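One-letter residues, chain by chain:
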There are 2 protein chains.
Amino acid sequence: MSKLTDLPKRILIGRALRSDKLGETLLPKRIALPVFASDPLSSVAYAPGQVMIVLSVAGASAYHYSPWITIAIIVLMFTVVASYRQNVHAYPSGGGDYEVATTNLGPKAGLTVASALLVDYVLTVAVSISSGVENLGSAVPFFVENKTLCAVGIILLLTLMNLRGVRESGKLFAVPTYVFVGGVFAMILWGAYRGLVLGDDMKAPTAGFEVHAEQTGLAGFALIFLLLRAFSDGCAALTGVEAISNGVPAFRKPKSRNAATTLALMGGLAVTMFVGIITLALATDVKMAENPAQDLLKNGAPLGADYTQNPVISQVAAAVFGDGSFFFVVLAAATALVLFLAANTAYNGFPLLGSILAQDRYLPRQLHTRGDRLAFSNGIVLLASAAAVLVYLYGADSTRLIQLYIVGVFVSFTLSQTGMVRHWNRHLATERDPNVRRRMIRSRAINAFGAFFTGLVLVVVLLTKFTHGAWVALLGMVIFYVTMTAIRRHYDGVSEELAAATEQLDEEEVRPSRVHSIVLVSKVHKPTLRALAYAKLMRSHRLEALSINVDPAETKALQTVWHERGIDVPLKILDSPYREITRPVIDYVKSLRRESPRDVVSVFIPEYVVGRWYEHLLHNQSALRLKGRLLFTPGVMVTSVPWQLDSSELARKRARKRAEWSAPGAVRRGPVIPPKREKGEKGEKGAKGETGVTSQVPGR
Amino acid sequence: MSKLTDLPKRILIGRALRSDKLGETLLPKRIALPVFASDPLSSVAYAPGQVMIVLSVAGASAYHYSPWITIAIIVLMFTVVASYRQNVHAYPSGGGDYEVATTNLGPKAGLTVASALLVDYVLTVAVSISSGVENLGSAVPFFVENKTLCAVGIILLLTLMNLRGVRESGKLFAVPTYVFVGGVFAMILWGAYRGLVLGDDMKAPTAGFEVHAEQTGLAGFALIFLLLRAFSDGCAALTGVEAISNGVPAFRKPKSRNAATTLALMGGLAVTMFVGIITLALATDVKMAENPAQDLLKNGAPLGADYTQNPVISQVAAAVFGDGSFFFVVLAAATALVLFLAANTAYNGFPLLGSILAQDRYLPRQLHTRGDRLAFSNGIVLLASAAAVLVYLYGADSTRLIQLYIVGVFVSFTLSQTGMVRHWNRHLATERDPNVRRRMIRSRAINAFGAFFTGLVLVVVLLTKFTHGAWVALLGMVIFYVTMTAIRRHYDGVSEELAAATEQLDEEEVRPSRVHSIVLVSKVHKPTLRALAYAKLMRSHRLEALSINVDPAETKALQTVWHERGIDVPLKILDSPYREITRPVIDYVKSLRRESPRDVVSVFIPEYVVGRWYEHLLHNQSALRLKGRLLFTPGVMVTSVPWQLDSSELARKRARKRAEWSAPGAVRRGPVIPPKREKGEKGEKGAKGETGVTSQVPGR
């Protein structure tokens, strides 16, 4: 055990100078809460409003259904939180819903969950940023007037930040999240005090409006459908709950218990805020409508296209604190900031999930590397582009974007909970200890209820929202699913093609007998001399230098120098009337192979290494192309012998800097658990005195 | 001599199946004329009009100066043709003005000429296409109504054609050029017959208009200035004359004499057509103005913005053949086509000049390869973009674009002729044969007069047109000049850095003593086994396999298989907690180098070769990056051991197809003159029985 705690420490301290690893300290609950819960907590900024907007279809009188809907959402929230508390204990590795579904329901279910989550990350960005801009706009109208522009601008900003590798820090999350939570609670308490104790008659800015009911006298099935739709939209409050279950490794010990506590805390906070906001909204007579321009009436006349509908939270704040007051502005700013942080979590989660999927070969393998900049960049750009397109298409209107949301969340909730039921069944089949069995049976009951309830909600969401936009989300999921399946099929095909025959490889593939080495030469300069020296060291069976006669004068000069220096490697000249380099070399190599098919040809290419991008345009193009073509020629090895020019120092520095880039999501992943060390050396030679090389890199 | 004629033949016949070389038959005069002269011949479509447009500033009465200007242009044309006939004899290699200036006046003069020519190629495209669209528009108004769009569209079309590698064929040029020349002569003869014999009163469509003189009563210096400006604009007829001097190698034998004859032929045709068109224009009362909308009056009132001024050639055709008649339309179409062909010559000339400049290291070396697709593509795209920008900025208005033209032409004329004077001086210093001396002295006199006259015109052009747009062309020349100088300086710097010390290289650079080979291994599959087999063949001093422990389970499996198969190479495992590949390998290599700095590390990387572009995204990314990083590590060789997957066959086919692409300009360059064969082999080993490899590639 001490070994286990020791190792991360050694890595941490041993690498203390490397900035990218600094973030990987373990998170206490008070920091973990804002890091993982900014998404679900921030959703109380828009979820209550959605409920009222849908109800307004049946007129303001329908608002009296909202407490019932709130209760349903509370029950759902507690169910989901209780269910995930089971996940957190059963899967402390942080694999999350994808791992749970894959392990218990098979790879197809896992892939479905993954597709759903990927779509959801995109929507988290789109919805959170749109809603954030709307909240900012309630304080500074400029933002709502240029909604799409501002939203896309913020997406761009977050993208650049994440591409540059701005490290997610606990504190960065903690301050605005706590200000937001504190502000909402202050608003609720102050509102309750003013209303109940002082008896103030607080009025929201929209209190005086009437709502034009699009459908009056709704009853029976139509009414139930409307209530279900309102409930579906309100479920936006549940998005992001699963984040904690992905982040268990980042918690301080005891990890699972702390994560479970944080989950409960988050659920409690979210529910309280949700209830408080919707109660105050009803108390201050907030009026919301789907099409405020035509369905909100002032003195019987529609408000018209100029009217912008502020979010419920800011209307309530205006009623409680006073419109434009200090607290009002602070709360609006904190709300917007938390929403942007919620969007930022998707920037961390998306590449993280990508790296897990890459490990299972559903995505390009390079995503697999933890903190590989290029891979992460691709993921971030993909996420940001998709979100920006959605924001653009939907005019940064959070109400319309929310119609797409939630489908993915509930797909993954349902499958994950179903998987958990299987998990407990499997364990119960072998477990004998009655105490443990009792706990497992209880957990199974919770998860079963969770699976049932979230499945029901999923059906409701699909039924009520399919035509409103949920089909877009489903389409996105299908695209991800099909792409990832195709990638996996490709990898499987390749690995089958590459699989070594278990026996008699020698029959299958004729062993090469000799090596014919060729050093490509254009001039006698340092890189060439180095390449010749290296090639000689390799002691191949035959060695010759090869030059392409592109310019007779240069070739003549080369031969003269070759002779003068007395270089003891034979120099062969190939004519190239078209001044090509590649074709004559390829043809020559092929002819050698044809002469003696069992020989291997080893081509040494002296290369200069330059540092500036435009220098690349000036050098090595023919070497590059030649290498590219030689790779298609069977029985050939291609060896680059680099010569570092002075300017290459620049590129080395750049590469080092790049390597120190910190990948988004480092904090929420928790520190590296070093792989079980299976190091060992086999064979006769070269085994002496190097066992220590493995992970302590000397001279750092 | 028979040897010399034999060689190209052998190459041609031996490669008859390769489509890209088919075009390289030698050109008879009747084909060479349209190939090389489409540019100067087509310029009679706009040059006469320019003269009239400038004169119109002083009112229609100033048109009576045009015969004098025409005479000046004729004298200039004959001077230039006579001068270039000397060039063609003295420099049959086709190096053109750049070679002449570099050889005789030094590299700076050569580079100036090259910059001027590059700018001129861009302007040839812009002017010819704009003028072609105007000519088309005289038959089909749609084209003038959407001038810029059509011109850019045609640039795009030509670009795509040339990028795809549509071969320039003699016939393609011959038909429209001869139709055009025939049409213009028919028009002149028919016009003369109608006017002089039938006594018809032919009237151009603009005959009834009056010209509002912007400046009336011009006299003295102002008048001279105007006449000089008209002359400058008329000199547009001389652009492209130098093309033949670049194309001497493409002519049938006797090359120089045939080229000289073609030059004379071209001069004669151009002059006759120019005179004919301008005479008919005066006879049919064509009216042209710089701002036709306000300066052309009908019954005393300006024609207004709706009026589009048709080119002189089409106005004359309308008068002689009848507006909209069959011959009128045929001539308009042929004119447009010839102008587009003239533009196409720039597409051939630009990359051709680029390859010569690359040979002298003023441009990236890869341009050097004859027919390298990538290099040519870059040149073509650069040319097309610059021309498209100009066309867009100047609204595809040939009159305004011509203001930029000509500067470059006359810079190169003047420097080339000056260089020729030097050339003769040099030869006269040694030549003793009085007959030859007499010829040389005559040639020198012609070139000296040419240099003087074209220099004078250059000064006139600069003075009269600088503010009208010539400064843009000069700026372009400066940009090319500075860029090419910088590239040359870079190459010189690198080659100095790389230069091998003449003696005692061993002191300067410690000779490596041993090779430590490392085979990178992830799994035991065919590529790995092949890499191991190859690495063993290379008999390095130490050989080990290296695997990065990214996933403990996989590593364990690898070790098991390694053991089971009894692979006799020691396997070393490096831990990589961050699942990186590159860093641990680099660190390990560095540590080896630190232990024994005189050793060389040879890294073998098994690679799969895939065929589809998207497969590249899925594979080899880490290998690629690793190779990139290793290149910056001194004392390392990087060897790729490729394994060709089935799909790589696709890529091989693609590469072969690409190799058969025919570069633009193949026809005008003439066939390859095989480099003087200096083949030979030196050294002790490997010399037996391979002497024949050099240029006859077996098995083709």
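Reading the values: rules and limits
Residues numbered from 1 in each chain as written. Chains lettered and ligands numbered in written order. Predicted model: local features only at pLDDT ≥ 70, side-chain atom pairs only at ≥ 80, totals over all residues. UniProt positions renumbered as here; feature names shortened; annotations may be inferred. Buried ≥ 20, exposed ≤ 12 C-beta atoms within 10 Å, placed from the backbone. Helix = DSSP H or I, 4+ residues; strand = E, 2+ residues; numbered from the N terminus. Pairing = 2+ DSSP bridges. Expected span 1.5 Å × (residues − 1). Axes fitted to C-alpha atoms, helices over the stretch in contact; angles between N-to-C directions. Core = buried A, V, L, I, M, F, W, Y, C linked by C-beta atoms within 7 Å. Contact = placed C-beta atoms within 7 Å. Parallel < 35°, antiparallel > 145°, perpendicular 65-115°, else oblique. Nonpolar A, V, L, I, M, F, W, Y, C, P; charged D, E, K, R; others polar. Left-handed = near helix turned anticlockwise from the far one by under 90°. Right-handed = clockwise from strand over helix to strand, strands pointing away. pLDDT = per-residue confidence, 0-100.

Identification of chain A as DNA-binding protein from Streptomyces violaceusniger is taken from an unreviewed UniProt entry. Turning to chain A, the UniProt record has this under Subcellular location (unreviewed entry): "Membrane".

Draft legend 1. The arrangement of the pairing of strand E8 (residues 636-644) of chain A in detail. When you tally the buried positions in E8 of chain A, you get nine out of nine residues, the bulk of the element. Going residue by residue along E8 of chain A, you find Val-636, Val-638, Ser-640, Pro-642 and Gln-644 of chain A tucked away on one face and Met-637, Thr-639, Val-641 and Trp-643 of chain A tucked away on the opposite face as well. Bridge count between E8 of chain A and strand E8 (residues 636-644) of chain B: three bridges; the pairing is antiparallel. Paired with Ser-640 of chain A across the two strands is Val-638 of chain B, which belongs to E8 of chain B.

Draft legend 2. Helix H24 (residues 582-595) of chain A, seen in detail. If you check H24 of chain A, its first and last C-alpha atoms are 20 Å apart, about what 14 residues at 1.5 Å a residue would give, namely 20 Å. Along H24 of chain A, the residues classified as buried are Thr-582, Pro-584, Val-585, Ile-586, Tyr-588, Val-589 and Leu-592 of chain A.

Draft legend 3. Summary view of unusual backbone geometry. Residue and element names in this part refer to chain A. The omega torsion across Lys-253 and Pro-254 is -5 degrees, close enough to zero to call that bond cis. Counting through the fold element by element, Pro-254 comes out in the loop between helix H12 (243-246) and helix H13 (255-283). Backbone geometry places Ala-396, a non-glycine residue, at a positive phi of 55 degrees. Its place among the elements puts Ala-396 in the loop between helix H17 (373-393) and helix H18 (398-402).

Draft legend 4. Structural context of the sheet that holds strand E6 (residues 571-575) of chain A. Overall, mixed pairing links the ten strands, which are arranged E6(A)-E5(A)-E4(A)-E7(A)-E8(A)-E8(B)-E7(B)-E4(B)-E5(B)-E6(B) in an open sheet. Each end of this open sheet is capped by a strand with a single partner; those strands are E6 of chain A together with strand E6 (571-575) of chain B. Across this sheet, the average inter-strand angle for adjacent strands is 30 degrees, counted without regard to direction. Examined bridge by bridge, strand E7 (residues 600-609) of chain A and E8 of chain A share nine bridges and lie parallel to one another.

Draft legend 5. Molecular detail of the nonpolar core. Residue and element names in this part refer to chain A. Counting 163 residues, the largest nonpolar core has Ile-129, Ile-155, Val-316 and Val-391 as its most contacted members. Looking at this core, the element that brings in the most residues is helix H16 (residues 326-359), giving 20 residues. Not counting residues within four places of it along the chain, the set of residues in contact with Ile-155 comprises Val-125, Ile-129, Ala-384, Ala-387, Ala-388 and Val-391.

Draft legend 6. Summary view of the packing of helix H5 (residues 66-90) of chain A against H13 of chain A. All names here are of chain A. The contact between H5 and H13 brings their axes to 9 Å, and the two run at 170 degrees. Considering the angle they form, H5 stands roughly antiparallel to H13. Residue-level inspection shows Ser-66, Thr-70, Ile-73, Ile-74, Met-77, Phe-78, Val-81, Tyr-84, Arg-85, Val-88 and His-89 of H5 in contact with H13, the latter providing Ser-256, Ala-259, Ala-260, Leu-263, Ala-264, Gly-267, Ala-270, Val-271, Phe-274, Val-275, Ile-278 and Leu-282. Among the residues making up the contact of H5 with H13, the classes are represented as 17 nonpolar, five polar and one charged.

Draft legend 7. Up close: the packing of helix H6 (residues 96-105) of chain A against helix H7 (residues 107-139) of chain A. Residue and element names in this part refer to chain A. The geometry of H6 relative to H7 is characterised by a closest axis approach of 6 Å and an angle of 160 degrees between their N-to-C directions. Looking at the two axes, H6 sits roughly antiparallel to H7. Note that H6 runs across H7; the crossing there is right-handed. Note on element contacts: H7 touches H6 through Pro-107, Ala-109, Gly-110, Val-113, Ala-114 and Leu-117, opposite Asp-97, Tyr-98, Ala-101, Thr-102 and Leu-105. For the contact of H6 with H7, the class distribution of residues is eight nonpolar, two polar and one charged.

Draft legend 8. Just the sheet that holds strand E2 (residues 296-298) of chain A, in detail. A sheet is described by the order of its strands in space; here three strands give the open sequence E1-E2-E3 (chain A), paired in antiparallel fashion. One side of each edge strand has no neighbouring strand; the edge strands of this open sheet are strand E1 (210-211) and strand E3 (301-302) of chain A.

Draft legend 9. Quick look at the pairing of strand E5 (residues 542-549) of chain B. Residues and elements named next belong to chain B. Most of E5 sits inside the fold, with six of its eight residues counted as buried. Inspection of the sheet shows strand E4 (residues 515-520) paired to E5 by five bridges, in the parallel sense. Paired with Ser-517 across the bridge in E5 is Leu-543. Handedness of the crossover joining E4 and E5 through helix H22 (residues 526-537) is recorded here as right-handed. Of the strand pairs in this sheet, E5 and E6 are connected by five bridges, and their pairing is parallel. Counterpart to Ala-545 in the pairing with E6 is Leu-571.

Draft legend 10. Quick look at the confidence of the model for chain A. Residue and element names in this part refer to chain A. Confidence in the prediction for chain A averages 82 pLDDT; 85% of positions are at 70 or higher. Contacts of residues 1-24 to residues separated by more than four positions or lying in other chains number 23 contacts, the stretch itself having pLDDT below 50. Low pLDDT, under 50, characterises residues 674-700; the stretch is placed with 50 contacts to residues that sit more than four places away or in other chains. If you check the scores for this complex, the pTM reads 0.70 and the ipTM reads 0.70.

Draft legend 11. How the structure looks around the environment of Met-266 of chain A. Residue and element names in this part refer to chain A. Of note, Met-266 is situated in helix H13. When the C-alpha atoms of Met-266 and Leu-41 are compared, they prove to be 7.3 Å apart, with 225 residues separating the residues in sequence. Not counting chain neighbours up to four residues away, the residues in contact with Met-266 comprise Leu-33, Ala-37, Pro-40 and Leu-41.

Draft legend 12. Quick look at H6 of chain A. Residue and element names in this part refer to chain A. Of all ten residues in H6, eight are buried, a share of seventy percent or more. All of the buried residues in H6 are Gly-96, Asp-97, Tyr-98, Glu-99, Val-100, Ala-101, Thr-102 and Asn-104. Looking at the buried side of H6, the elements it contacts are H5, H7, H12, H16 and helix H19 (407-430). Remark: Gly-106 follows H6 within two positions and exhibits a positive phi of approximately 100 degrees.

Draft legend 13. Main features of the environment of Ala-270 of chain A. Residue and element names in this part refer to chain A. For Ala-270, the position within the fold is in helix H13. C-alpha separation for the pair Ala-270 and Ser-43, spaced 227 residues apart in sequence, amounts to 8.5 Å. The contact partners of Ala-270, leaving out residues within four places of it in the chain, are Pro-40, Leu-41, Val-44, Met-77 and Ala-237.

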